[in-house]
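# Structural features, examined
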Amino acid sequence: MTGRPILAVLGGPNLNLLGQREPALYGTATLTDLEALCTRVADELGYDIDFRQSNHEGDLVDFVHEIRDTASGLVVNAAAYTHTSIALHDALVTVAAPVIEVHLTNVHAREEFRHVSYVAPIAAAVVAGFGAAGYDFALRHLASLDTHREIHRVHP
Ligand code: DQA
């Protein structure tokens, strides 16, 4: 624990297979690479990262409950649960900090079932189709929205 504020990053099902899973679509970076990128960007911005991934809907809901009062922002790539999970939507509504929805691929250029998002209605922004760079953008935007940021810097 560094005492720095926390940006949380939540990943949904099958993202643990990044690097092996349909690399033509999702790229060759692994989930560990993605965590390293998020940690580096957050560190540069003065935050710690709480990076989680689960293949289970209830775990994702529990994770949201854990960070809902403590994180300064949340990046969520709920993967397939984006398109189906009312439970996750209901959990995300309770998060005090801004939430940004991220997808590695441009979901709007893919199958029609991927055009629906239960996350988007509660998101401050949606980033899709930039690959891993989308996480970088999302974290920087969350930091820019954090009204306590200067206070964190003065009193780390
Ligand atoms: C995804 C897009 C989803 O439709 C899909 O189910 C995923 C990954 C993306 O990052 O592009 O698993 O969220």
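All residue numbers refer to position in the chain's written sequence, counted from 1. Residue-level local features of this predicted model are given only where pLDDT is at least 70; pairs of side-chain atoms are given and counted only at 80 or more, and the full residue set underlies all totals for whole chains, interfaces and linings. Neither water nor hydrogens contribute to the side-chain values; these are computed over all heavy atoms in the structure.

### Regarding the pattern of salt bridges
Stated formally: Any Lys or Arg side-chain nitrogen found within 4 Å of a carboxyl oxygen on Asp or Glu counts as a salt bridge. We count a stretch as a helix when DSSP gives it H or I for four or more residues in a row; a strand needs E for two or more, and each element gets its number in order from the N terminus. Each residue is assigned to one of three classes by its accessible area relative to the maximum for its type, calculated with a 1.4 Å probe on protein chains only: buried under 20%, partly exposed between the two thresholds, exposed over 50%.
Enumeration according to the criterion identifies 9 salt bridges in this entry. Residue Arg 110 is joined to Glu 111 by a salt bridge in which the shortest nitrogen-to-oxygen separation is 3.9 Å. A salt bridge links Arg 140 to Asp 136; the shortest N-O distance between them is 2.6 Å. Here Arg 140 and its partner Asp 136 are both found in helix H5 (residues 133-145), 4 residues apart, which amounts to about one turn of the helix. Classification of Arg 140 as partly exposed rests on a relative accessible area of 30%. One salt-bridge network, held together by shared partners, links Arg 4, Asp 43 and Asp 48.

### A look at the nonpolar core
For clarity, the threshold we go by: To define a nonpolar core, start from buried Ala, Val, Leu, Ile, Met, Phe, Trp, Tyr and Cys residues and group those joined through side-chain atoms within 4.5 Å. The contact definition used throughout considers only heavy atoms, calling two residues in contact when any of these lie within 4.5 Å.
By size, the foremost hydrophobic cluster in this structure holds 25 residues, and its most contacted members are Val 75, Tyr 135 and Leu 139. Secondary structure elements with two or more residues in this core: strand E1 (6-11), helix H2 (31-45), strand E4 (99-103) and H5. Sorting elements by how many residues they give to this core places H2 first, with 7 residues. Discounting residues that sit within four places of it in the chain, Leu 139 has contacts with Leu 7, Val 9, Cys 38, Val 41, Leu 45, Ile 49 and Val 75. Counting 19 residues, the second largest nonpolar core, distinct from the first, contains Val 64, Ile 67, Leu 74 and Val 119.

### So, the side chain of Glu 101
Where we set the bar: Polar contacts, as counted here, are pairs of nitrogen or oxygen atoms within 3.5 Å of one another; within protein the pair requires one atom able to donate a hydrogen and one able to accept it, and residues that are adjacent in sequence qualify only if both atoms are side-chain atoms.
Along the polypeptide, Glu 101 turns up in strand E4. In terms of polar contacts, Glu 101 uses its side chain to reach the side chain of Ser 117, at 3.0 Å. Of the polar contacts made by the side chain of Glu 101, one reaches the backbone nitrogen of Ala 120; its length is 3.0 Å. Setting aside residues no more than four positions away along its own chain, Glu 101 makes contact with Val 76, Thr 82, Ser 117, Val 119, Ala 120, Ala 123, Ala 125, Val 126 and Val 127.

### Re unusual backbone geometry
Here the phi dihedral of Glu 22 falls at roughly 35°; this positive angle occurs in a residue that is not glycine. Note that Glu 22 resides in the loop between E1 and helix H1 (23-26).

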